[in-house]
Amino acid sequence: MSTTAKSATDDLADVERVLAGDANAFEAIVRRWQGPLVNMAWRYCRDRARAEELAQEAFVRAWRGLRLWRRESSFSTWLFALAANVFRSDLKRVPTVNIPIDDIVEPSQPASQADELQRKLRYEVVRRAVLALPLRYREPVLLFYFHEMDVAATARTMGLAEGTLKARLSRARELLRRRFPRLADEHAAMELSASTTGKEA
Amino acid sequence: MKDELLDRILATEEQLIPSSGFAASVMERIREEATAPRPIPFPWKQAIPGIVLAVGVFGWGAVELTRQAVSAAHNAPALSLHLPVSMLRPVEGTGWVAIALGASLASWLLSRFMIADSRLL
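What you see is a predicted model, and the numbers here were worked out from it, not measured in a lab. (Residues numbered from 1 in each chain as written. Chains lettered and ligands numbered in written order. Predicted model: local features only at pLDDT ≥ 70, side-chain atom pairs only at ≥ 80, totals over all residues.)

Focus on the overall build of chain A
- Assigned secondary structure in chain A consists of 9 helices and 0 strands.
- Listed N to C, the secondary structure of chain A is α-α-α-α-α-α-α-α-α in terms of helices and strands.
- By residue count, 32% of the 201 residues in chain A fall in the buried class.
- Of all intrachain contacts in chain A linking residues separated by at least 6 positions in sequence, the fraction that spans at least 24 positions is 59%. (Helix = DSSP H or I, 4+ residues; strand = E, 2+ residues; numbered from the N terminus. Buried ≥ 20, exposed ≤ 12 C-beta atoms within 10 Å, placed from the backbone. Contact = placed C-beta atoms within 7 Å.)

As structure tokens, then:
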């Protein structure tokens with residue numbers, strides 16, 4: 001049995017136990033999904049303490065609404081969609097402190113191959129820039145990469161049609177490309193370097 | 001730029017490990033909720049007669065007001081003869097005022113939408 005199928009079976013069994021009155025059975029669900037939920041929340045706020053608070057709130061809401069899971073989708077799909085709602089509304093209430101995307105400055109020097117730290121910092125600026133996107137573009141990006149670039153899973157979590165999601169992703173990428181034009185040079189340099197290394201080999 | 005580098009940057013996030021007490025603190029809240037007494041349900045049985053009475057009174061009031069307004073409207077031409085022209089002019093312009101307010105609202109909504117979109121550029 002695959003890991004996903006096993007976790008789906010375990011989820012179902014634990015949910016049944018919780019609904020039968022065994023509150024402690026929920027702990028297995030928490031332990032199974034705490035990592036993904038905290039990481040998902042982290043992508044929304046990039047603040048560790050707040051990510052744990054948000055994930056905790058999502059688990060509590062899941063506990064309260066467990067009877068509402070209709071088993072049409074997997075438990076994880078339901079849990080992620082519920083968590084996305086919790087994170088979205090909480091961040092509307094208390095927004096993360098972000099500078100507007102127009103004020104984000106791309107580091108002037110493209111990182112050299114040797115300067116790994118500089119590269120990591122540049123990439124972190126790009127990741128943080130996602131939070132400066134408007135919500136309609138930000139959330140698809142956050143969830144798309146959280147779901148390891150699975151369009152269908154992201155669309156299910158957001159309750160959007162796949163076409164709409166793709167359009168929003170495309171717009172978000174366009175905005176990020178416009179804000180970080182030097183990434184294009186870096187990408188070209190990396191491709192050139194890779195092809196040169198390939199020829200030499 | 002092709003999207004590969006952007007994909008690589010955004011896909012390679014450091015994986016956070018929840019703090020050791022995370023699951024325990026979630027379960028503490030769950031157990032608190034599980035042992036808490038159930039909220040007292042709203043007393044619909046007692047409230048329904050009151051709600052019905054209130055709806056009836058307000059309905060009757062609305063009917064009476066409409067009836068009086070209709071009868072006042074029938075007498076309006078006689079009254080309007082006595083109104084000075086300076087009072088009637090603003091009333092004639094009401095339609096234009098409504099259109100202007102509508103246009104203002106539409107332009108405000110449009111500008112909000114455009115600002116939200118231009119923030120990306």
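A word on the packing of helix α2 (residues 26-45) of chain A against helix α4 (residues 75-93) of chain A
Residue and element names in this part refer to chain A.
- Two elements in contact, α2 and α4, have axes separated by 11 Å at closest approach and are oriented at 35°. Between α2 and α4 lies a crossing whose hand is right-handed. Taking contact as the criterion, the partners of W33, L37, M40, A41, Y44 and C45 in α2 are, on α4, L79, F80, A83, F87 and L91.
- Its residues placed into classes, the contact of α2 with α4 shows 11 nonpolar, no polar and no charged. (Axes fitted to C-alpha atoms, helices over the stretch in contact; angles between N-to-C directions. Left-handed = near helix turned anticlockwise from the far one by under 90°. Nonpolar A, V, L, I, M, F, W, Y, C, P; charged D, E, K, R; others polar.)

Some points on the interface of chain B and chain A
- Counting residues at the interface gives 29 residues for chain B, matched by 38 residues for chain A.
- Tallying contributions element by element places helix α2 (residues 22-35) of chain B first for the side of chain B that touches chain A, with 10 residues.
- Its residues assigned to classes, the side of chain B that touches chain A comprises 17 nonpolar, 3 polar and 9 charged.

Digging into unusual backbone geometry
All names here are of chain A.
- One non-glycine residue, R71, lies in positive phi territory at about 65°.
- Here R71 shows up in the loop between α3 (48-64) and α4.
- The phi dihedral of E148 falls on the positive side, at around 50°, and the residue is not glycine.
- Checked against the element boundaries, E148 lands in the loop between α6 (135-146) and α7 (151-158).
- C-beta crowding within 10 Å serves as the criterion here: with 9 such atoms nearby, E148 is assigned to the exposed category.

Focus: the packing of α6(A) against helix α8 (residues 162-179) of chain A
All names here are of chain A.
- Axis separation between α6 and α8 bottoms out at 8 Å; the angle between their running directions is 100°. Put simply, α6 runs roughly perpendicular to α8. Contact residues: R136, Y137, P140, V141 and F144 in α6; L165, R168, L169, R171, A172 and L175 in α8.
- Looking at the contact of α6 with α8, its residues break down into 8 nonpolar, no polar and 3 charged. (Parallel < 35°, antiparallel > 145°, perpendicular 65-115°, else oblique.)

Points about the confidence of the model for chain A
- Confidence in the prediction for chain A averages 84 pLDDT; 80% of positions are at 70 or higher.
- Predicted confidence in chain A is weakest over helix α9 (residues 182-200) of chain A, with a mean pLDDT of 61, and strongest over α3(A), with 96. (pLDDT = per-residue confidence, 0-100.)

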